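Residue-level structure breakdown
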Amino acid sequence: MTDRKPPEVSFDDWIERQIRSAEERGVFDNLPGAGKPLPGAGRRPGTASDWVADLVKREKVDTSVLLPPSLALPKELEDLPERLSRERSEATVRKIVQDLNERIRQAHRLPQAGPPLRAMPVDVEETVRAWRENRSK
């Protein structure tokens, strides 16, 4: 058990004395994680961004869900051909493109968050035709 702090000694001096004594006895030798940086060092603890960052890492969340529509939708348009190449059904391809187009239209109707949205809906028939051509290769 730790001795009580003597009244004539400041808290800082008393704590430093206890730490120095423990170091001399080897209490801190061979601790797990010795020589490694502390987790979360350099971040302010307890902020909302820390909580979100930890959740995203732990749960392996796709970070595109954190983007405003003006950034997420163009990225989705860019990835659309690759996404559609994994589909087997024309009906599914149409549904994916129609859903994306509706979300683009909805984003244009709402007040913009972030940079302006420049993405426009894609032609469903042209996209399906391109999907068919790529499947036949």
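Preceding this section is the structure that the text describes.
Criteria and thresholds
Residues numbered from 1 in each chain as written. Predicted model: local features only at pLDDT ≥ 70, side-chain atom pairs only at ≥ 80, totals over all residues. Heavy atoms only, no water. Axes fitted to C-alpha atoms, helices over the stretch in contact; angles between N-to-C directions. Helix = DSSP H or I, 4+ residues; strand = E, 2+ residues; numbered from the N terminus. Parallel < 35°, antiparallel > 145°, perpendicular 65-115°, else oblique. Left-handed = near helix turned anticlockwise from the far one by under 90°. Contact = heavy atoms within 4.5 Å. Nonpolar A, V, L, I, M, F, W, Y, C, P; charged D, E, K, R; others polar. Expected span 1.5 Å × (residues − 1). Bend = angle between axes of the 7 residues up to and from the residue. Buried < 20%, exposed > 50% of the residue type's maximum accessible area, 1.4 Å probe, protein only. Phe/Tyr/Trp six-rings, centres within 6.5 Å; stacked < 30°, edge-to-face > 60°. Lys NZ or Arg CZ within 6 Å of the ring centre and 35° of its normal. Polar contact = N/O pair within 3.5 Å; in protein donor to acceptor, adjacent residues only side chain to side chain. Patch = residues over 30% accessible without salt bridge, like charges linked within 9 Å, V, L, I, M, F, W, Y side chains within 5 Å. Areas by Shrake-Rupley, 256 points an atom, 1.4 Å probe, with all protein chains shown as cover. Salt bridge = Lys/Arg side-chain N within 4 Å of Asp/Glu carboxyl O. Lys, Arg positive; Asp, Glu negative; His and termini not counted. Charge placed at Lys NZ, Arg CZ, Asp CG, Glu CD. 1 Å grid on protein atoms, 1.4 Å probe; cavity = no way out; pocket = protein on both sides within 12 Å on 5 of 7 lines; lining within 4 Å. Points joined across faces, edges and corners; volume = space filled by probe spheres on them.

For the rest of this paragraph, the subject is the packing of helix α3 (residues 69-85) against helix α4 (residues 90-109). Taken N-terminus to C-terminus, the directions of α3 and α4 make an angle of 165°; their axes are 11 Å apart at the nearest point. Taken together, the axes of α3 and α4 lie roughly antiparallel to each other. Note on packing geometry: the crossing formed by α3 with α4 is left-handed. Across the interface between the two elements, Pro 69, Leu 73, Glu 76, Leu 77, Leu 80, Arg 83 and Leu 84 from α3 touch Val 93, Ile 96, Val 97, Leu 100, Arg 103, Ile 104 and Ala 107 from α4. A class-by-class count of the residues in the contact of α3 with α4 yields 11 nonpolar, no polar and three charged.

Now for α3. Compared with an ideal rise of 1.5 Å per residue, which puts 17 residues at 24 Å, α3 spans 24 Å between its outermost C-alpha atoms and is within 8% of the ideal. Asp 79 marks the point of greatest bend in α3, at about 50°, and the proline Pro 81 comes within the next four residues. Every buried residue of α3 is listed here: Ser 70, Ala 72, Leu 73, Leu 80 and Leu 84. For α3, the elements touching its buried residues are α4 and α5 (124-136).

Applying the stated criterion across every chain yields a total of zero aromatic pairs. When the ring centre of Phe 11 is taken as origin, the NZ or CZ atom of Lys 5, which lies over that ring, is 4.8 Å away.

The subject of this paragraph is the side chain of Thr 127. Residue position: Thr 127 is located in helix α5. Judged by relative accessible area, Thr 127 falls into the buried class, the value being 16%. Looking at Thr 127, its side chain comes within polar contact range of the main-chain oxygen of Asp 123, at 2.7 Å. Excluding residues that lie within four positions of it along the chain, Thr 127 makes contacts with Leu 80, Leu 84, Val 97 and Val 122.

On the surface, a cluster of negative charge is contributed by Asp 12, Asp 13, Glu 16, Glu 23 and Glu 24. With respect to the helices, strands and loops of the structure, Glu 16 is situated in helix α1 (residues 11-25). For Glu 16, a relative accessible area of 43% gives the class partly exposed.

Time to look at the pattern of salt bridges. Scanning the entire structure with this criterion turns up 12 salt bridges. The residue Arg 103 makes a salt bridge to Glu 76 at a minimum N-O spacing of 2.4 Å. Of this pair, Arg 103 sits in helix α4 while Glu 76 sits in helix α3, placing them 27 residues apart in sequence. Several salt bridges share partner residues, and in doing so they unite Glu 76, Arg 83, Asp 99 and Arg 103 into one network.

Volume-wise, the largest pocket comes out at about 160 Å³. Together, Leu 77, Leu 80, Pro 81, Leu 84, Ser 85, Val 122, Thr 127, Ala 130, Trp 131 and Asn 134 line the largest pocket. Sorting the residues of the lining of the largest pocket by element identifies α3 and α5 as the ones contributing at least two each. By residue number, the principal contributor to the lining of the largest pocket is α3, which donates five residues. Here the lining of the largest pocket is composed, by residue class, of seven nonpolar, three polar and no charged.

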